[in-house]
Amino acid sequence: MGRYPDIEPYDHGMLDVGDGNRVYWETCGNPHGKPALVLHGGPGSRASPGLRRYFDPDAYRIVLLDQRGAGRSTPGAADHTTDMGVNTTAHLMADLERLRAHLGIERWLVWGVSWGSALGLRYAQTHPGVVSELVLTGVTTGSAPEVALLTRGLGKLFPEAFERFVGELPAGERDGDLAAAYNRLLESPDPDVRERAARAWTDWETAIIPAPPGSVERFQDPEFRRGFARTVTHYWGNDHFLGDGEGDSEGNDEGVVLRDAHLLKGIPGTLVQGSLDLGNLLGIVWRLHHAWPDSELTIVDEAGHDAGAVGDDALVAATDRYARGG
């Protein structure tokens, strides 16, 4: 099956969302088709052309955007003068609502990858009337335990890379919240400190994917690297601006998204996850699936955070089915 062929947008623009921010958006496919919103990862990545290909262009009106501060949206997080105080999950969800109104869309399918899955889940929980279905991959919920795993926890699996990662921090910052500590470096007035921190952060992300050092092409772009690292650590160091979870009956901190999974009732969902995605070590996607009866879960064997060709097939099958109303 695979993804659909490459397509180009038939419309695009910059939407003023307030706070001095303008968000880049584009629409592809059939202008009269079923609306679908695509949420990229990061936080701080961008909407890549490949994300358009998960939808039948004859059946869907595909909407992509670069989230606030990312990609073609302005001002970019790579600019040290950009105010990150107006870049939170609440701001991003408000931007989605402004874009939906701007495009005259009543309801849309929401497709999200990685951080985009957490954003899509919380958006559906807080705006259930405008989300027709959810299709999510590389699933995360933005909880504190997930952040702790992806920073300090994976140090046991990647000890050499972890030693380099924490070694870039001041000695007094190495035992606390690593994302918050890196964010303080990335907000330094010294550009050399910021650049060194951005390189160290993206080297760690490359190590835990895992991928050969230097093989993640986008991290070779200094501007992307600075904006991405600044945005990720801004969110990770602040509980993704989701608030604290209440914990489950056994006292586990589950985070807001998983805690509020019951709010997804009535929204059909498809979850596609690689079996070797290291985020699975906490069982988050499994717990989400079982707390959300309207969801289906596909585990792709021997695949990581990117579920690969088999995952692509499952994602396309889901959007095809939802286009038919099933």
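Everything that follows concerns the structure shown earlier in this document.
Residues numbered from 1 in each chain as written. Predicted model: local features only at pLDDT ≥ 70, side-chain atom pairs only at ≥ 80, totals over all residues. Heavy atoms only, no water.

Draft legend 1. View of unusual backbone geometry. The omega angle of the peptide bond from Gly-42 to Pro-43 is -5°, so this bond is cis rather than trans. Secondary-structure assignment places Pro-43 in the loop between β3 (34–39) and β4 (60–65). In this structure, Pro-75 follows Thr-74 across a cis peptide bond, with omega equal to -10°. Along the polypeptide, Pro-75 turns up in the loop between β4 and α1 (89–103). Of note, Ser-114 is a non-glycine position whose phi angle comes to about 55°, a positive value. With respect to the secondary-structure elements, Ser-114 resides in the loop between β5 (108–113) and α2 (115–126). In this model, His-240 sits at a positive phi of 55°, which is unusual for a non-glycine residue. Within the secondary structure, His-240 is located in the loop between α7 (222–236) and α8 (256–259). (Helix = DSSP H or I, 4+ residues; strand = E, 2+ residues; numbered from the N terminus.)

Draft legend 2. Geometry of the sheet that holds strand β2 (residues 21–29). The eight strands lie next to each other as β1-β2-β4-β3-β5-β6-β7-β8, forming an open sheet whose pairing is mixed. The two strands at the open ends of the sheet, each matched to only one other strand, are β1 (11–18) and β8 (295–300). Strand-to-strand twist in this sheet, taken as the mean axis angle between neighbours without regard to direction, amounts to 20°. Relative to strand β7 (residues 269–274), strand β6 (residues 131–137) runs parallel, the two sharing four bridges. Pairing of Leu-134 across the sheet is with Gly-269, part of β7. Seen against the sheet, helix α9 (residues 284–291) touches β7 and β8 and runs at an angle of roughly 155° to β8. (Pairing = 2+ DSSP bridges. Axes fitted to C-alpha atoms, helices over the stretch in contact; angles between N-to-C directions. Contact = heavy atoms within 4.5 Å.)

Draft legend 3. Representation of the side chain of Thr-202 within the structure. The residue Thr-202 is located in helix α6 (residues 191–208) in this model. Its relative accessible area of 1% is what places Thr-202 among the buried residues. In terms of polar contacts, Thr-202 uses its side chain to reach the backbone carbonyl oxygen of Arg-199, at 3.2 Å. (Buried < 20%, exposed > 50% of the residue type's maximum accessible area, 1.4 Å probe, protein only. Polar contact = N/O pair within 3.5 Å; in protein donor to acceptor, adjacent residues only side chain to side chain.)

Draft legend 4. Geometry of the layout of surface pockets. For the largest pocket, the calculated volume is near 1,400 Å³. Residue lining of the largest pocket: 47 residues in total, with Val-113, Ser-114, Arg-218, His-305 and Asp-306 positioned closest to the centre. Secondary-structure elements contributing two or more residues to the lining of the largest pocket are β5, α2, α3 (144–151), α6, α7 and α10 (308–323). Among the elements that take part in the lining of the largest pocket, α3 stands out by supplying four residues, more than any other. (1 Å grid on protein atoms, 1.4 Å probe; cavity = no way out; pocket = protein on both sides within 12 Å on 5 of 7 lines; lining within 4 Å. Points joined across faces, edges and corners; volume = space filled by probe spheres on them.)

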